[in-house]
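# Structural features, examined
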Amino acid sequence: MKLEVKDIKKSFGEKEILHGVSFEVVSGRAMGFLGRNGAGKSTTIRCLMDVFRQDSGQFLLDGQPFRPWEMRIGYLPEERGMYQKNDVLGQLTYFAMLRGANRADAARTAHYWIDYFGLGDFKKKKLETLSKGNQQKIQIAQSFLNEPDILILDEPFSGLDPVNAQVFKDTIAQFVKEGKLVIFSSHQMSYVEEVCDDVTLIHEGNILLTGDLKQIKQAEGRDKLLITSMNGELGALQDKLTAAFPTLVITQDRGSLIVDTQGKAMQAELLSWFAQDGTALRRFGLYEPSLADIFIQKVGETA
Amino acid sequence: MKHFATVFNYELKTQLTKKAGIVTMIVMIIIALVGTSVPRIIALFDKPAEPGTPTEITAPAPEVDSAIGYVVTDEDAARLLAPAIGENPKLYDSRDALVKAIEAEEVELGFVIDQSLNYEAIFKDRSMYEERDTHFGNALTHIKKEQMILSHGLTVDDFNAIENQSAQGQVTILGKNSGNNYLLSFVLMLVVYMVVLMYGNTVSSIIAREKDSRTMEILITSTRPSSLILGKVAAAGVAAVLQFGLVVLAAYIGFQMNKSTYPEIVIMMVSGSLSSSYLLTYLFFSFFGFILYLFLYAALGSTVSKMEDLGSATALVQFLFIFSYVMASIAAQTPNSTLAVVASVIPFSAIMVMPMRAGLVSVPWSQLILAGGLMLVAVAFFAFLSIKIYRWGSLNYGNKTKLTRIVKEALRPDIR
């Protein structure tokens, strides 16, 4: 499956929130939808889920208009909650039935996911009697009901402790492995970096970049080297390099120098220079920026 | 509407298994059984009535109460008054002497009787339940009447024969007898009043709680808002019919079990007015009016973000419903007044006013059809509006918005 988001525009009153959002997601690859708070992630997802109707643009699934109510979708809204006074199994069965399962299948999938998260003893308990962490697991479990073909998760890691986050990451990885189409929004870069194959970065309603995460990293780190000296004296090393190669752009970043060589020829020349100079290096390699670096850089460029 | 049945079943099960609801129903069933047994309970404590109470004028038993003092004009008067004051009354010479005797607590009360057989009753303190002066007045009146009959050359028997004459009449009612139908109409109106308030508030709190707990977005992305609202309202309607059906059944059983202890007039008032046309009118307007109010409550429940705001949000519909109750009370007194006729046609008040009018008078078909048609249109319109407001409510948290603005925004085309 290929989901295409094409030129989505959405205004609230006089203010346009989404200014032509476009990106693509394909099955078997998790897509991280990144942005700061208020960037337009939830609005895009809500338009996708037909909670809001966009002013213009369209959502296409394999070239046809995307109708979420006709699909098997697991959706975790940003504002999540469930019936506090009702029992866990009953309401998960109910949600599964609302998404099209018959009673038997709904009960089966509800049992499965409750057990999967290790909450089998709480099936008949009211949700409000569970701890906050266990309530979060149940809320996430509701998005996995009915073996969805598409998972749309808005800030799924929000409020999860590291153990639950790991369980959740493993589950998403399994869905991706099974060829499901997975989108999740987040502003927690490390989780996205661990789980996603593709990323889309949105800022103030505009898409800043979208595509394969590895390729993006390579592109962003192109012609740059990461150099760390053995003695850790970055200032002296930077001065020496600047004196030897005045055209290089050299910056310091977390105990290393990042050198923009502007071409592969310069990289070889630099390596020879270090060999002749005798400077002891701990690391000399291609620079690959973290997602957080790319995010900060891209958002910074728009400021 | 694909998942209407799923929503309906879940909501109905939730409502019927709610502990508070079960306890309330049990209490109401007990009240219905005990309430309809009241005549039997009263009969257990009441002494049986004296058989053969005479219809003719007879002298009441004289007050031979030593705690009463009398002042009469002379001995002849005392003899004449013997049926009222006894053969050996405690007589005083003057009013002053009698007053002193009362103040000294020699006697509890006194009567000063003049020549015309009028009297003054004198008490030191008069208790709330004191009746001796009334009895004495009745006895004196009897003596006075007897004196007048004799002065006209008649006997008391002649007078009683004249007094017992009456014209034999037959009443033919072409329409309805308001007197017979009033009690049942009023009781059924109270049933509707209770059902609407109870279940209306239930529906609005279910929806407000969904919003408060942020369950709404999961629901509206799982199925259509129309299935959700219609399923919830239908569940509340069926729960009301089932639960109040049990209460009415309990009342019916209680009534049948205790029927023998009910006064004849009450039995006539209850069973005499149950015509099929009245029942149909009652069921139609009560049911659809109830559904109309459920949609209003559902819509207003969608407008709040927190449970504590629900009371103020539903105040408008509460006011509307109380207005309807007042209109029905007015219609009970003047069922064919212009006000009652207009109120019986407007859907918000027709729920109670039309059944009340239909119970008391013959409502023209034209008015029934007009009111029924308007009721159905109103139900359809407010069902549509409540679905739209519910959908609007799922996107709006926090800010309090005016109802007019809510309606305007809810009807925007970008809200599905």
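Each chain has its residues counted from 1, running along the sequence as written. For naming, the first written chain is A and the first written ligand is 1, with later ones following in the order written. Totals for whole chains, interfaces and linings use every residue, but because this is a predicted model, local features are given only for residues with pLDDT of at least 70 and side-chain atom pairs only at 80 or more, for both listing and counting.

Looking now at the overall build of chain A. The secondary structure listing takes helices from DSSP runs of H or I that are at least 4 residues long and strands from runs of E that are at least 2 residues long, numbered from the N terminus. Summing up its helical and strand segments, chain A has 10 helices and 14 strands in all. Along the longest, intermediate and shortest principal axes, the C-alpha atoms of chain A span 75 × 45 × 35 Å. Evaluated residue by residue, chain A yields a buried proportion of 38% over its 303 residues. Our contact criterion uses C-beta atoms placed from the backbone: two residues qualify when those atoms are within 7 Å. At a minimum sequence separation of 6, the contacts of chain A that also span at least 24 residues come to 70%. Residues with at least 20 neighbouring C-beta atoms inside 10 Å of their own are called buried, those with 12 or fewer are called exposed, and the rest are partly exposed, where every C-beta is derived from the backbone.

Across its full length, chain B holds 19 helices and 4 strands. Here the C-alpha atoms of chain B give a radius of gyration of 33 Å, more than 25% beyond the 22 Å that 2.2 N^0.38 yields for 416 residues. Here the C-alpha coordinates of chain B stretch approximately 105 × 55 × 40 Å along the principal axes. Of the contacts formed within chain B by residues at least 6 apart in sequence, a portion of 74% connects residues at least 24 apart. The reference for a compact globule is 2.2 Å times residues^0.38; the radius of gyration itself is calculated from the C-alpha atoms.

Assigned domains of chain A: these are domain 1 (2-212) and domain 2 (222-287). Between the C-alpha centres of domain 1 of chain A and domain 2 of chain A there is a distance of 43 Å. As used throughout, domain bounds are those supplied by an automatic or database domain assignment.

Residues and elements named next belong to chain B. The pLDDT value expresses, per residue, how confident the predictor is, ranging between 0 and 100. This prediction gives chain B a mean pLDDT of 85; 91% of its residues lie at or above 70. The element-level mean pLDDT for chain B is lowest in helix α12 (residues 264-271), coming to 73, with helix α16 (residues 338-345) highest at 94. Scored by ipTM, the complex comes to 0.79, with pTM at 0.74.

Residue and element names in this part refer to chain B. One less than the number of residues in a helix, times 1.5 Å, gives the span that helix is expected to have. With 19 residues, helix α15 (residues 315-333) should reach 27 Å at 1.5 Å per residue; the first-to-last C-alpha distance of 27 Å fits that figure. Buried within α15 are the following residues: Val317, Phe321, Ser324, Met327, Ala328, Ala331 and Ala332. Looking straight down α15, one finds that the buried residues subtend no more than 145 degrees of arc, so they occupy a single side. Of the residues in α15, the exposed ones pointing more than 90 degrees away from the buried face are Ala315, Leu316, Phe319, Ile322 and Gln333. In this description, one arc is meant: the one made by directions from the helix axis to the C-beta atoms.

Along the polypeptide, Arg222(A) turns up in the loop between α7 (213-220) and β11 (224-229). A C-alpha to C-alpha distance of 33 Å links Arg222(A) and Pro162(A), two positions 60 residues apart in sequence.

Further remarks concern the interface of chain A and chain B. Each side of the interface is counted separately: chain A has 21 residues, and chain B has 16 residues. Take the side of chain A that touches chain B: its biggest share by element is 4 residues, from helix α2 (residues 88-98) of chain A. Residues are grouped as follows: Ala, Val, Leu, Ile, Met, Phe, Trp, Tyr, Cys and Pro are nonpolar; Asp, Glu, Lys and Arg are charged; all remaining types, including Gly, are polar. Grouping the amino acids of the side of chain A that touches chain B by side-chain chemistry returns 12 nonpolar, 4 polar and 5 charged.

Residue and element names in this part refer to chain A. When DSSP locates at least two bridges between a pair of strands, those strands are taken to pair. Read across the sheet, 4 strands follow the order β2-β1-β4-β5 without closing on themselves; strand pairing throughout is antiparallel. Single-partner strands in this sheet number two, and they are β2 (15-26) and β5 (64-65). The pairing of strand β1 (residues 2-12) with β2 spans 9 bridges and is antiparallel. Bridge pairing in β2 links Leu3 to Val25. Each of β1, β2 and β4 (56-61) is contacted by helix α1 (residues 41-48), which is oriented at about 115 degrees to β1, the strand it contacts most. With axes taken as lines fitted to C-alpha atoms, and helix axes fitted only over the stretch in contact, angles between N-to-C directions fall between 0 and 180 degrees.

Residue and element names in this part refer to chain A. Relative to the helices and strands, Ile202 resides in strand β9 (residues 198-203). Ile202 gets classed as buried once you count the C-beta atoms within 10 Å, which come to 23. Considering only alpha carbons, one finds Ile202 and Ser190, 12 residues apart in sequence, at a separation of 17 Å. With residues near it in sequence (within four places) discarded, Ile202 still touches Val21, Phe33, Leu34, Gly35, Ala39, Gly40, Lys41, Ile207 and Leu208.

This part covers the domain arrangement of chain B. The assigned domain composition of chain B is domain 1 (4-39 + 175-410) and domain 2 (68-162). A straight line from the C-alpha centre of domain 1 of chain B to that of domain 2 of chain B covers 60 Å.

Our next topic: the packing of α16(B) against helix α17 (residues 347-360) of chain B. Helix packing geometry: the angle between the two helix axes and the distance between the axes. Residues and elements named next belong to chain B. Where α16 meets α17, the closest approach of the two axes is 7 Å, and the angle between their N-to-C directions is 125 degrees. As the angle between them shows, α16 and α17 are arranged oblique. The two elements α16 and α17 cross, and the hand of that crossing is left-handed. Touching Ala340, Ala343, Ser344 and Val345 of α16 are Ser349, Ala350, Val353, Met354 and Arg357, all from α17. Along the lines of polarity and charge, the residues of the contact of α16 with α17 split into 6 nonpolar, 2 polar and 1 charged. By definition in this entry, angles of less than 35 degrees are roughly parallel, angles greater than 145 are roughly antiparallel, angles of 65 to 115 are roughly perpendicular, and the rest are oblique. Take the far helix as your reference; a near helix turned counterclockwise from it by less than a right angle gives a left-handed crossing, and one turned clockwise gives a right-handed crossing.

Put simply, a nonpolar core is buried Ala, Val, Leu, Ile, Met, Phe, Trp, Tyr and Cys residues tied into one set by C-beta atoms within 7 Å. Of all hydrophobic cores here, the largest spans 139 residues; its most connected members are Ile152(A), Val182(A), Leu294(B), Phe295(B), Ala298(B) and Val353(B). A per-element tally of this core places helix α13 (residues 276-301) of chain B first, with 14 residues. Ala298(B) has contacts with Val203(B), Ser204(B), Ile207(B), Ile229(B), Lys232(B), Val233(B), Ser386(B) and Tyr390(B), leaving out every residue within four places of it along the chain. Grouped together as the second largest cluster of nonpolar side chains are 17 residues, Ile68(B), Ala84(B), Phe111(B) and Tyr119(B) included.

By definition, the strands of a sheet pair up through backbone hydrogen bonds, in either a parallel or an antiparallel sense. Residues and elements named next belong to chain B. Sheet architecture is open: 4 strands sit in the order β2-β1-β3-β4, paired in mixed fashion. Two strands lie at the open edges of the sheet, namely β2 (90-91) and β4 (119-123), each paired on one side alone. Relative to strand β3 (residues 109-113), strand β1 (residues 68-71) runs parallel, the two sharing 4 bridges. Among the inter-strand pairings, Val71 is bridged to a residue of β3, identified as Val112. The sheet contacts of helix α6 (residues 95-103) involve β1, β3 and β4, and relative to β3 the element is tilted by about 170 degrees.

On to unusual backbone geometry. All names here are of chain A. Of note, Asp50 is a non-glycine position whose phi angle comes to about 65 degrees, a positive value. Checked against the element boundaries, Asp50 lands in the loop between α1 and β4. Notably, Glu204 is not glycine yet its phi reads approximately 50 degrees, a positive angle. One can find Glu204 in the loop between β9 and β10 (206-212). Under the C-beta neighbour-count criterion, Glu204 is labelled partly exposed, with 15 such atoms within 10 Å.

Further remarks concern the pairing of β10(A). Residues and elements named next belong to chain A. Sheet analysis places β9 next to β10, joined by 6 bridges and oriented antiparallel. Bridge pairing in β10 links Thr200 to Thr210. Hairpin remark: β9 followed by β10, antiparallel, with 2 residues in the connecting loop; positive phi at Glu204, about 50 degrees.

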